[in-house]
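# Fold and geometry: a report
Here is how the chains run, residue by residue.
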Amino acid sequence: MESMGYPKETNTFDPTPLLSARVQRYAPGAIRRLLPLENLPGMISLVAGKPNPEVFPFDKITLSLKGANEEIVLTRENGLIDGLQYGLPGGNPGLVKWFEEFQSELHGINRSQGWTCCIGNGSQELLHRVFQVLTDPCDSVLIETPAYPGVVGFLQAEDYKLVDAKTDRHGIDPSELEKTLSRWPESQPRPKLLYTIPTGSNPTGRSCPEWRKIGILRLAKRFNFMILEDDAYYFLNYEEKSNGKSRSYLALEQEVNGETGRVIRFDSLSKIVSAGMRLGVLTGPLPIVKNVIKLTENINLQPSSTTQILALSLFQHWGRTGFLEHCARASEFYRRKRDVFAAAAEVHLKYRATWDVPSAGLFFWFTLRLPPGEDTFELLSKKGMESGLLAIPGVAFMPDNRKTYQLRASFSLIAEEQAYEACRRMAQLVDDAWGDWVREFVPGRIEKNGLSNPTTTVSA
Ligand SMILES: Cc1ncc(COP(=O)(O)O)c(C=O)c1O
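Residues numbered from 1 in each chain as written. Predicted model: local features only at pLDDT ≥ 70, side-chain atom pairs only at ≥ 80, totals over all residues. Heavy atoms only, no water.

### Focus: the overall build of the protein
This is how the line gets drawn: In DSSP terms, a helix is any run of H or I states spanning at least four residues, a strand is any run of E spanning at least two, and both are numbered starting from the N terminus. Radius of gyration: C-alpha atoms only; globule rule: 2.2 Å multiplied by the number of residues to the exponent 0.38. For every residue, the accessible area obtained with a 1.4 Å probe (protein chains only) is divided by the maximum for its type, and the residue is called buried under 20%, exposed over 50%, and partly exposed between those limits. What makes two residues a contact is simply this: any of their non-hydrogen atoms within 4.5 Å. For the area figures, the Shrake-Rupley method with a 1.4 Å probe applies, and any residue is considered shielded solely by the protein chains shown. Positive charge is attributed to Lys and Arg, negative charge to Asp and Glu, and no charge count is given to His or to the chain ends. Throughout, a charge is located at the NZ atom of Lys, the CZ atom of Arg, the CG atom of Asp or the CD atom of Glu.
Counting secondary structure elements, the protein contains 12 helices and 14 strands. Taken over the C-alpha trace, the protein has a radius of gyration of 24 Å; the compact-globule value for 460 residues is 23 Å, and the two agree within 12%. Along the longest, intermediate and shortest principal axes, the C-alpha atoms of the protein span 90 × 60 × 45 Å. Expressed as a percentage of the 460 residues in the protein, the buried residues total 52%. A separation of at least 24 residues holds for 72% of the contacts in the protein among residues at least 6 apart in sequence. For the protein, the computed accessible surface area is about 21,500 Å², with 52% contributed by carbon and sulfur atoms. Each charge class in the protein can be summarised by its mean position, and for the 53 positive and 54 negative side chains these summaries are 2 Å apart.

Below, the structure is given as structure tokens:
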């Protein structure tokens, strides 16, 4: 694997030695690597099996934007053909450039630091790709726990050794991580990456403050691992600016470590533009992005040209400021929903569960005060279903599948009345669980249905 030529003046870590054996078995796609050359002046290309757009039945695409009497019209002269035709595996060059400029400005990074962007079918695809690029089956992986099941699922299926990066209400605890890494057995290969969701974590809703990110960045340099910064909820952050919204790992790396190249960042358009468009953005060191693209050209060719051209037209229409204004409106919308859900939880769950009001993202993470030995999986799949309450049991977020007293409740689609009713049903589940427990273990102590406010605390 050749090393990328970095500009001399920047101090950039080269992750090439960390690449997996698996990705090195792939060769660049024979056709797609020639596609950029088609645009050279005077070139006649007989390369790609591209269909002739003459046969496509579409004449134009019109986008009408909510709330403003504005339309974006894509015609043959301005982008329609690009949107209907095969494109490049790393994404529409215009959209890639838009995000490179955007990331540069938002995170205060510049292109001489050896990074680039590419587009994928949602950040989910890009996450999977990066794991493929950096790890082989059975490798050890550091994973923030509890963690997003979309990642836990494919890691479990490939027999990785999943090593908990322990979290508390501020996300990953760097001192715990340091203990894990400094006690790592000499005989075993060290983990090459840490997966984390630093803003409004899925499932906990918690965010990692800057001082912790600094500690974790230092550990990455000391113990030679990459940080996979999955920031799907970055734009849904309810913290006041003055309260210190935390800068990203990408933004902090140079300042903390005096070098760049260990952070791979994932952004998602799902929560702010459209989940169905399936668009995510990877920002990371050139060797990583180049290898992700190599996998894409070998596996599914490219992300959708059509949704990329829609996104690009929208972002060009809005500009970076308009995009951020839209994100701020989306964030305000969800902040109000969060507040309603928080009020409902306060009314019904006060003595029956513990939780933190999420400072970002779309989830409440409840620890139910259940009788010893109970588990939210059992509870939700039986009594929860009977009472008309669906939520995700904590076990789904645990890499080791351990039983938990926890559940994730999403408030994104819930109207005010439903929020109160959902919390009331959750409270009833807790009360009934204690009723059943007392009936089983303490016969004769209570009347039927007599226990409504258990105060026993069980550890999670
Ligand atoms: C933490 C996290 N990462 C990634 C994703 C996947 O997002 P996308 O729709 O961009 O694939 C999700 C989706 O819910 C998520 O919660």
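Further notes follow.
### As for the sheet that holds strand E13 (residues 392-393)
Here is the rule we go by: Between any two strands, pairing holds if DSSP finds at least two bridges.
The strand order across the open sheet formed by four strands is E11-E12-E14-E13, and the pairing between neighbours is antiparallel. Of all the strands in the sheet, just strand E11 (353-354) and E13 have a single pairing partner and so form its edges.

### Describing the sheet that holds strand E10 (residues 279-285)
Definition in use: Inter-axis angles, ranging from 0 to 180 degrees, are taken between N-to-C directions of lines fitted to C-alpha atoms, where helices are fitted over the stretch in contact.
Across the sheet, eight strands lie side by side as E3-E10-E9-E8-E7-E4-E5-E6; this open sheet has mixed pairing. Every interior strand has two partners, whereas the edge strands, strand E3 (115-121) and strand E6 (171-172), have only one. Pairing between strand E5 (residues 161-168) and E6: two bridges, direction antiparallel. Each residue of the ladder has a partner; that of Thr167, found in E6, is Ile172. Helix H3 (residues 93-107) contacts E3, strand E9 (263-268) and E10 of the sheet and is inclined by roughly 125° relative to E3.

### A short note on the packing of aromatic side chains
Applicable threshold: By convention, a stacked pair of Phe, Tyr or Trp rings (six-membered ring in the case of Trp) has centres within 6.5 Å and planes under 30 degrees apart, an edge-to-face pair has planes over 60 apart, and any other such pair is tilted. Counted as over-ring charges are cases with an Arg CZ or a Lys NZ within 6 Å of the ring centre that also lie within 35 degrees of the ring normal.
Using the criterion set out here, one finds 23 aromatic pairs in the structure. Seen in terms of ring centroids, Phe315 and Phe323 are 5.0 Å apart; in terms of plane orientation they differ by 80°. Their pairing is edge-to-face. This pair shows no difference in class: Phe315 is buried, exactly as Phe323 is. Aromatic ring contacts, followed pair by pair, group Trp98, Phe99, Phe102, Tyr234, Phe235, Phe315, Trp318 and Phe323 into a single cluster. Positioned above the aromatic ring of Phe13, the side-chain terminus of Arg262 is 3.7 Å from the ring centre.

### What about the pattern of salt bridges?
Here is the rule we go by: By definition, a salt bridge exists where a carboxyl oxygen of Asp or Glu is found within 4 Å of a side-chain nitrogen of Lys or Arg.
Taken as a whole, this structure holds 31 salt bridges when the rule is applied. Taking the shortest distance from any N to any O, the salt bridge between Glu105 and Arg320 comes out at 2.8 Å. With Glu105 in helix H3 and Arg320 in helix H10 (residues 305-349), this residue pair connects regions lying 215 residues apart in the sequence. Glu332 serves as the salt-bridge partner of Arg335, at 2.7 Å between the closest nitrogen and oxygen. With Arg335 and Glu332 both in helix H10 and three residues apart, the pair spans about one turn of that helix. Looking at Arg335, the relative accessible area reads 23%, which means it is partly exposed. Each member of the salt-bridge network shares a partner with another, and the members are Glu332, Arg335, Arg336, Arg338 and Asp339.

### Some remarks on the domain arrangement of the protein
The following threshold applies: Delimitation of the domains relies on an automatic or database domain assignment. Accessible-area loss on putting two parts together, using a 1.4 Å probe and summing over both, is the definition of buried area adopted here.
In terms of domain boundaries, the protein breaks down into domain 1 (19-322) and domain 2 (334-441). Placing a centre on the C-alpha atoms of domain 1 and another on those of domain 2 gives a separation of 32 Å. Where domain 1 abuts domain 2, roughly 1,900 Å² becomes buried across the two surfaces, and 59% of that area is made up of carbon and sulfur atoms. Counting the contacts that link domain 1 with domain 2 gives three salt bridges.

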